[in-house]
Amino acid sequence: MTMVMEAPLAVPPTKDFRLTKVSGEVPGHLVIVHACQNSIYVQPVVKACEAIFSASSQGYELVEVPSVRELVDGCREAVHSGASAIVCIGVLIKDESDAYQSDCKSVMQGLMHLNAEQDVPVISGVLMCPDKQQASERSFGTGNPGRGLAESALFMSKVTP
């Protein structure tokens with residue numbers, strides 16, 4: 001007698017992302033999609049992006065997702081909103097997760113796939129850090145990539161269709 005085991009049903013990702021419209025949704029707006037996970041390291045990068053976007057004449061909005069695993073879903077929603085460029089921000093720390101390697105790989109592959117299939121540039125600001133010390137170094141002070149991410153998004157929003 002052969003028994004067939006059914007695989008458990010996958011839980012679909014939630015679409016209840018928290019959206020903050022900072023300066024109104026207009027065609028050509030910029031979007032920052034960021035994870036709540038490791039927010040102590042994520043928020044300084046988001047704030048650096050916001051400072052550059054606030055100084056520009058383009059509108060922008062924030063989309064907050066629960067964890068790094070939902071960043072691709074959040075970016076996909078931003079693509080469908082008519083964004084001209086998206087900055088994706090999250091922090092993965094190796095010493096906090098057994099799934100670090102698979103999370104890094106799946107998030108980066110998802111973002112790469114979005115960039116290959118869509119006309120909207122998705123700028124990756126996903127920091128992959130071996131420990132909290134490096135996460136801190138890369139999020140605070142001169143190691144913060146937020147300014148460069150925002151400048152890339154502004155540039156790409158003007159050169160892509």
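Note: the structure precedes this text.
Starting from 1, residues in each chain are numbered consecutively following that chain's sequence as written. Owing to the predicted nature of the model, reporting of local features is limited to residues with pLDDT of at least 70; listing and counting of side-chain atom pairs is limited to 80 or more, with chain, interface and lining totals taken over all residues. Neither water nor hydrogens contribute to the side-chain values; these are computed over all heavy atoms in the structure.

## Overview of the packing of helix α1 (residues 39-55) against helix α5 (residues 146-159)
Step number 1: Axis lines are fitted to C-alpha atoms, over the contacting stretch for helices. Their N-to-C directions set the angle, which ranges from 0 to 180 degrees. Secondary structure follows DSSP: runs of H or I at least 4 residues long count as helices, runs of E at least 2 residues long count as strands, and numbering of each begins at the N terminus. For the pair α1 and α5, the least separation of the axes is 7 Å and the interaxial angle reads 45°. Taken as axis vectors, α1 and α5 run oblique relative to one another. In the crossing of α1 with α5, the sense of the turn from one axis to the other is right-handed. For the pair α1 and α5, contact is made by Val45, Ala48, Cys49, Ile52 and Phe53 and by Gly146, Arg147, Leu149, Ala150, Glu151, Ala153 and Leu154, respectively.
Step number 2: Under the grouping applied here, Gly and all other residues not named as nonpolar or charged are polar, the nonpolar ones being Ala, Val, Leu, Ile, Met, Phe, Trp, Tyr, Cys and Pro and the charged ones Asp, Glu, Lys and Arg. Looking at the contact of α1 with α5 residue by residue, the class counts come to nine nonpolar, one polar and two charged. To sort the angles, those under 35 degrees are grouped as roughly parallel, those over 145 as roughly antiparallel, those from 65 to 115 as roughly perpendicular, and the leftovers as oblique. When the near helix sits turned anticlockwise from the far one by under a right angle, the crossing is termed left-handed; a clockwise turn instead gives a right-handed crossing. Contacts between residues were defined by any pair of non-hydrogen atoms, one from each residue, lying within 4.5 Å.

## Regarding the packing of aromatic side chains
Any aromatic ring pair is given by two values, namely how distant the centres are and how the planes are angled relative to each other.
Step number 1: Any pair of Phe, Tyr and Trp rings, taking the six-membered ring for Trp, is counted once the centres come within 6.5 Å. Such a pair is stacked with planes under 30 degrees apart, edge-to-face with planes over 60 apart, and tilted for the rest. For the coordinates displayed, the defined rule picks out one aromatic pair.
Step number 2: For the pair Phe53 and Tyr60, a centre-to-centre distance of 5.7 Å together with 55° between the ring planes defines the contact as tilted.
Step number 3: For every residue, the accessible area (1.4 Å probe, protein chains only) is compared with the maximum for its type, and the residue is labelled buried under 20%, exposed over 50%, or partly exposed between those bounds. Judged by relative accessible area, Phe53 falls into the buried class, the value being 1%.

## Details of the nonpolar core
Step number 1: Within the largest apolar cluster, 24 residues are counted, with the highest numbers of intra-cluster contacts made by Ile32, Cys49, Phe53, Val87, Ile89, Val91 and Leu149.
Step number 2: Among the secondary structure elements, those contributing two or more residues to this core are β2 (30-35), α1, β3 (60-65), β4 (85-93), β5 (122-129) and α5.
Step number 3: Sort the elements by how many residues they give to this core and α1 lands first, with seven residues.
Step number 4: Once you skip the residues sitting within four places of it in the chain, Val91 turns out to touch Asn38, Tyr41, Val42, Val68, Leu127, Cys129 and Ala135.
Step number 5: Put simply, a nonpolar core is a bunch of buried Ala, Val, Leu, Ile, Met, Phe, Trp, Tyr and Cys residues held in one set by side-chain atoms that sit within 4.5 Å of each other. Ranked by size, the runner-up nonpolar core spans 23 residues in total, among them Val79, Tyr100, Leu111 and Val122.

## A look at the pairing of β2
Step number 1: Burial runs high along β2: six of the six residues are buried.
Step number 2: Going residue by residue along β2, you find Leu30, Ile32 and His34 tucked away on one face and Val31, Val33 and Ala35 tucked away on the opposite face as well.
Step number 3: Between any two strands, pairing holds if DSSP finds at least two bridges. Both β2 and β3 contribute to a ladder of six bridges, which runs parallel. Bridged to Val33 within β3 is Val63.
Step number 4: Handedness rule for crossovers: strands pointing away from the viewer, path from the first strand over the helix to the second running clockwise, crossover right-handed. Note that the unit made of β2, α1 and β3 has a crossover that is right-handed.
Step number 5: For β2 and β4, the ladder comprises five bridges, and the chain directions are parallel. Across the sheet, His34 pairs through a bridge with Ile89, a residue of β4.

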